[in-house]
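A structural walkthrough
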Amino acid sequence: MFYDLHIHSGLSPCGDSAMTPNNIARMAVLKGLQLIAVTDHNSLKQQHVMAEVAHQYGLTYLYGVELQSQEEVHILGYFATEKSMEAMQKWIENHQIKVKNRPDFFGDQTLFDKDDQIIDDEPVALIFSLNASLESCIKAIHHKGGKAVLAHLYGRKYGLIQQLGFIPEGLPIDGVELCDPREVPFFKNEYPQYAHLPILCNSDAHQLGDIHEARFSLEAPILKMWGIR
Ligand SMILES: [Zn+2]
Ligand SMILES: [Zn+2]
C-alpha cells in the first residue's frame, strides 16, 4: 500500500492554510497514494473530519499525531481506532502547557469541517513541548493502543539524534521514520536491535505539493500488525 504517514494540516501552526482535509485527500489521490495519516503537532482534533474525508476519496486512513516531548523530540503516534485516538487526545490535554496561541507569532491553528469550512481556531499553542518525557509519550501511545515511531530520526531539528545524539537503550519504539531511504543501511548497521522494525519514509509535508508521490509502500504483515484495513 503506497503511503504517506506524516502530513500536517492547517491545524499545525506551521501547516499551510491550503492544507485542508479535502485538499490533502485530493492531492494524495492525485499522487497515487492509498494510505495516509495527518499528524498535527500535539493535537488530534482534526482527526475525525480528516478520516471521514479521506474515506470519501477512497483512501485508507490511519489516525495520527506528532508529539513533542520535554526533550524537544518529535515522536509520531498512530492509532487504528477512533476510541484509542480520542483517549490519546485526552492524555495530551492533561499534558499540555496551556499557553494561548498567538497566530501572528506562531501561526494559525485552523480546524476545518468536512467541506473545508473553518469551524474553529485551536486556542492553546501547539508549538510547545508537552509536559512529558519521551518515554512517557511512548508509554501513553502504547497505553492507548497506538504505535510509536521516532520522527525524522536523523538530520532534522527535533529528531532524536539531533536532540540526544543516540537512541536510549531499550526504548520501546515500534518503528522509525527516516527522511531519506539512503539512510536505511546506515540505520540498520548502527541499530541492529531495531533493524526488524518498520522503517517509514514520509514527507512531513506542510504544503500540498510536498505530499509524497507513490514511492514507498507498506506490506501486508505490517498493515496487519498495525491494525490497518
Ligand atoms: Zn517533526
Ligand atoms: Zn512533522
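Everything below is about the structure printed above this text.
Residues numbered from 1 in each chain as written. Chains lettered and ligands numbered in written order. Predicted model: local features only at pLDDT ≥ 70, side-chain atom pairs only at ≥ 80, totals over all residues. Heavy atoms only, no water.

A short note on the overall build of the protein
Across its full length, the protein holds eight helices and 10 strands. For the protein, whose C-alpha radius of gyration is 16 Å, the value lies close to the compact-globule estimate of 17 Å for 229 residues. Its C-alpha atoms give the protein principal-axis dimensions of roughly 45 × 40 × 30 Å. Classification of the 229 residues of the protein by burial places 55% in the buried group. If you take every contact in the protein between residues at least 6 apart in sequence, the share linking residues at least 24 apart comes to 72%. In the form shown here, the protein has an accessible surface area of approximately 10,300 Å², with 51% of it arising from carbon and sulfur atoms. Of the charged side chains in the protein, 19 are positive and 29 negative, and the gap between their average positions amounts to 5 Å. (Helix = DSSP H or I, 4+ residues; strand = E, 2+ residues; numbered from the N terminus. Rg over C-alpha atoms; globule rule 2.2 N^0.38 Å. Buried < 20%, exposed > 50% of the residue type's maximum accessible area, 1.4 Å probe, protein only. Contact = heavy atoms within 4.5 Å. Areas by Shrake-Rupley, 256 points an atom, 1.4 Å probe, with all protein chains shown as cover. Lys, Arg positive; Asp, Glu negative; His and termini not counted. Charge placed at Lys NZ, Arg CZ, Asp CG, Glu CD.)

Some details on the coordination of the zinc ion (ligand 1)
The protein atoms that coordinate the zinc ion (ligand 1) are Glu66 (OE), His74 (ND1) and His152 (NE2), at distances spanning 2.1 Å. Written as a sequence motif, the donor residues of the zinc ion (ligand 1) are E-x7-H-x77-H. Between the zinc ion (ligand 1) and the zinc ion (ligand 2), the interatomic distance is 3.5 Å, and Glu66 donates to each metal, bridging them. Residue His74 is found in strand β5 (residues 74–79), and its partner His152 is found in the loop between β8 (147–150) and α6 (160–163); the two are separated by 78 residues along the sequence. (Donors = N, O, S within 2.8 Å, 3.2 Å for Na, K, Ca; no water.)

Topic: the environment of Leu126
Relative to the helices and strands, Leu126 is located in the loop between β7 (118–121) and α5 (134–143). Overall, the relative accessible area of 2% leaves Leu126 in the buried class. Measuring from C-alpha to C-alpha, the distance between Leu126 and Trp91 comes to 14 Å, with 35 residues separating the pair along the chain. Beyond its immediate chain neighbours, meaning those up to four positions away, Leu126 contacts Leu11, Pro13, His41, Asn42, Ser43, Gln96 and Gln109.

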